[in-house]
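Letter by letter, the chains look like this.
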Amino acid sequence: MAKALYGRLFSWIVNKINPELHSGRKGNVRSVGILDIFGFENFRVNSFEQLCINIANEQLQFYFNQHVFAWEQGEYEQEGIDIKRVGYEDNRPLLELLLTRPMGLLALLDEESKFPRASDLSLAVKFHGNFQTLRYYNKPKDGGPTFTILHYAGPVTYETLGFLEKNRDTLKLDVSQLLRTSENPIVQVLFQTPLSRTGGLSPASTVSKAPPSATPLFSRKAPPMYFASAERGYPHSRLARGPHSPRGRTPLSSGGTVTSKSSQTVSTYFINSLRDLMSKMLNGTPHFVRCIRPNELKSPDFFQPDKVLVQLRYTGVLETTRIRREGFSHRILFQDFIQRYKVIHFKMTQRVSATPASCVCILNKTGLKSWAVGKTKIFLKYYHVEKLGKLLAGYERAAVVAQRVVRGWLARKRVALLREEKRHRDAAKIQAAIRSFLAKCHYQKILDHRNHNATTIQRVVKGWLCRKQFAKLKARQRAAIVIQAVVRCWLAKRLLWRMKQEAKQRKDGYYLCASDPFLCNNFRDVQHSRPAVY
């Protein structure tokens, strides 16, 4: 149960991440893929896991051989170049022994996994009965549950104990039903979503519509995945044939459809995953990095020449070096060759057609030997390109000198123009500053003159207004003084008259008081209570 949870959860995370990486992008998205694989495994006890890993390594080695050796020599033959063929170890028969249906090793494993009474020993007996006469298969002397596969890296002995159980990898129905009805929504999704042909969760939007046999494992040119056997003279020519070929070869089922329960075995998932991997590699431009283990002890600064030499041999590095040395490492189309090396023999202004004759004229001019002319390409060795590069070096240096002179002249001309423009800009700035200063002075003079005139006018007007107002005030003051004099004179006269009247009355009253004291007192009271009249 833990294994099923881990596998489905991992696939669910991948299905969630992939759409996010391509969100908002239209069309084909370019990518760089790195395949890191440990290599062959050969332990004291090798089981089903080591078999799958070593089969993947065999497939990658076949792809390497096809890319480096078969396809390269095929290109020589296609271009009509006669070259000595470099021998290499072709592991196609071993792959057919392992992968073909219905008589391949994995196919027999799937077939045996369907029988409920099958055992690991019966599986070994079936393997021995079908493959004991083949070159890459060794049967043990005691006929026990072991077998040996002669991989290109060396022989590996496998024990069939646990093969069937690991290949079935079944989950009990009650456990599966329990996980389907889990309270955790993610667990429900993990076990309610059907599995794809590679054993992962099948994303709803990424189900492929490719027909079966859309991805080859053994051929880069043929669209379907064939397992050629009899027509190439391989000893195990009794492998099944199908309707996709004149010889009746049967491809493995591929495509993006969801697998059925009857085909849900680990080996089936493994083959489909391997097919998807090869499909991605075939659609790209491969670059191989061979990692060599210096020793078997995993110790630093320790080098075992014998171990390293064995690895160089079985990985094909020595053959790759030899085919590069004996063959042609550089293949250039006629058009590209003329465009790059035309200057060696022709003038730059001369129009040269991309024909083999033009290319031969250029090569004869250089004095090179051991080159070849194909139907569409020129085939050169590595030292040819070096010599052509040296011949072009003189032209490149001359071109650099000419470019330097022209660029210097253009730069000086541009600097002179910039200086002239700067001189004009500076003169214009100086003129603008002087004109601004003169305009400001003239404006200040006009402003001062206007201010002086305005001040004079204001002074005269203000003086006239002040004098006029002063005259009005003076006339008013003079009239007020006259009025005051007249009023004061009248008041003075009236006061004098009253004083005279009062004096007269006092005088008359004195005489009366002398004869009558009562009248005298009343007269005083009346005199005091009478208001003054002015």
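Predicted, not measured: the structure shown is a model, and the values here were computed from it. (Residues numbered from 1 in each chain as written. Predicted model: local features only at pLDDT ≥ 70, side-chain atom pairs only at ≥ 80, totals over all residues. Heavy atoms only, no water.)

Further remarks concern the side chain of Glu41. Positionally, Glu41 belongs in the loop between α1 (2-21) and α2 (48-79). Buried charge without a partner: Glu41 forms no salt bridge, and the closest opposite charge is Arg293, 8.5 Å away. A distance of 3.3 Å separates a polar atom in the side chain of Glu41 from a polar atom in the side chain of Gln50. For Glu41, the residues in contact, after removing those within four places along its chain, are Asn46, Gln50, Ile53, Asn54 and Val156. (Helix = DSSP H or I, 4+ residues; strand = E, 2+ residues; numbered from the N terminus. Buried < 20%, exposed > 50% of the residue type's maximum accessible area, 1.4 Å probe, protein only. Lys, Arg positive; Asp, Glu negative; His and termini not counted. Salt bridge = Lys/Arg side-chain N within 4 Å of Asp/Glu carboxyl O. Polar contact = N/O pair within 3.5 Å; in protein donor to acceptor, adjacent residues only side chain to side chain. Contact = heavy atoms within 4.5 Å.)

Next up on the list: the sheet that holds strand β4 (residues 330-333). Sheets are built from strands paired through backbone hydrogen bonds, the pairs being either parallel or antiparallel. Strand order in the open sheet formed by 3 strands is β4-β6-β5, and the pairing between neighbours is antiparallel. Strands at the two margins of the open sheet, each flanked by one partner only, are β4 and β5 (372-373). Across 2 bridges, the pairing between β5 and strand β6 (residues 377-380) is antiparallel. Each residue of the ladder has a partner; that of Val373, found in β6, is Ile378. Sheet contacts for α2: β4 and β6; angle to β6, the most-contacted strand, approximately 125°. (Pairing = 2+ DSSP bridges. Axes fitted to C-alpha atoms, helices over the stretch in contact; angles between N-to-C directions.)

This brings us to the pairing of strand β3 (residues 154-159). Two strands pair when backbone bridges link them, and strand β2 (residues 146-151) and β3 are joined in this way by 6 bridges, in the antiparallel orientation. Considered in β3, the bridge of Ile149 is made with Val156. In this structure, the hairpin formed by β2 and β3 is closed by a connection of 2 residues.

Right, let's talk about the packing of aromatic side chains for a bit. Considering all chains together, one arrives at 15 aromatic pairs under this definition. Taking the centre distance of 5.4 Å and the plane angle of 85° together, the rings of Tyr382 and Tyr383 count as edge-to-face. Accessibility expressed as a relative area gives 44% for Tyr382, which makes it partly exposed. Arg290 extends its terminal NZ or CZ atom over the ring of Phe64, reaching a point 4.4 Å from the ring centre. We note Lys381 situated over the ring of Phe328; from NZ or CZ to the ring centre the distance is 4.7 Å. (Phe/Tyr/Trp six-rings, centres within 6.5 Å; stacked < 30°, edge-to-face > 60°. Lys NZ or Arg CZ within 6 Å of the ring centre and 35° of its normal.)

Right, let's talk about the sheet that holds β3 for a bit. In space, the 3 strands of this open sheet follow the order β1-β2-β3, with antiparallel pairing throughout. In this open sheet, the two edge strands, each paired with only one partner strand, are β1 (137-138) and β3. On top of the sheet, α2 reaches β2 and β3; it is set at about 150° to β3, its chief contact.

Here the focus is unusual backbone geometry. At the junction of Arg101 and Pro102, the peptide bond is cis and its omega measures out at 5° in the coordinates. Despite not being glycine, Asp169 has its phi angle at roughly 50°, a positive value. Here Asp169 lies in the loop between α6 (163-168) and α7 (173-180). Judged by relative accessible area, Asp169 falls into the partly exposed class, the value being 41%. Non-glycine residue Lys298 carries a positive phi angle of around 60°. Along the polypeptide, Lys298 turns up in the loop between α9 (266-282) and α10 (305-314). When its relative accessible area of 76% is taken as the criterion, Lys298 is described as exposed.

Right, let's get into the pattern of salt bridges. For the structure shown, the criterion picks out 13 salt bridges. For Lys126, the salt bridge is made with Glu111, and the minimal N-O distance between the two is 3.9 Å. Taken as a pair, Lys126 in helix α5 (residues 120-131) and Glu111 in helix α4 (residues 105-113) lie far apart in primary sequence, 15 residues in all. Using a relative accessible area of 35% as the deciding quantity, one classes Glu111 as partly exposed. A salt bridge links Arg423 to Glu420; the shortest N-O distance between them is 2.5 Å. Taken together, the residues span about one helical turn, with Arg423 and Glu420 both in helix α14 (residues 382-515) at a distance of 3 residues. Residue classification places Glu420 among the partly exposed positions, given a relative accessible area of 34%. Through salt bridges that share partners, Glu75, Arg331 and Lys377 make up one connected network.

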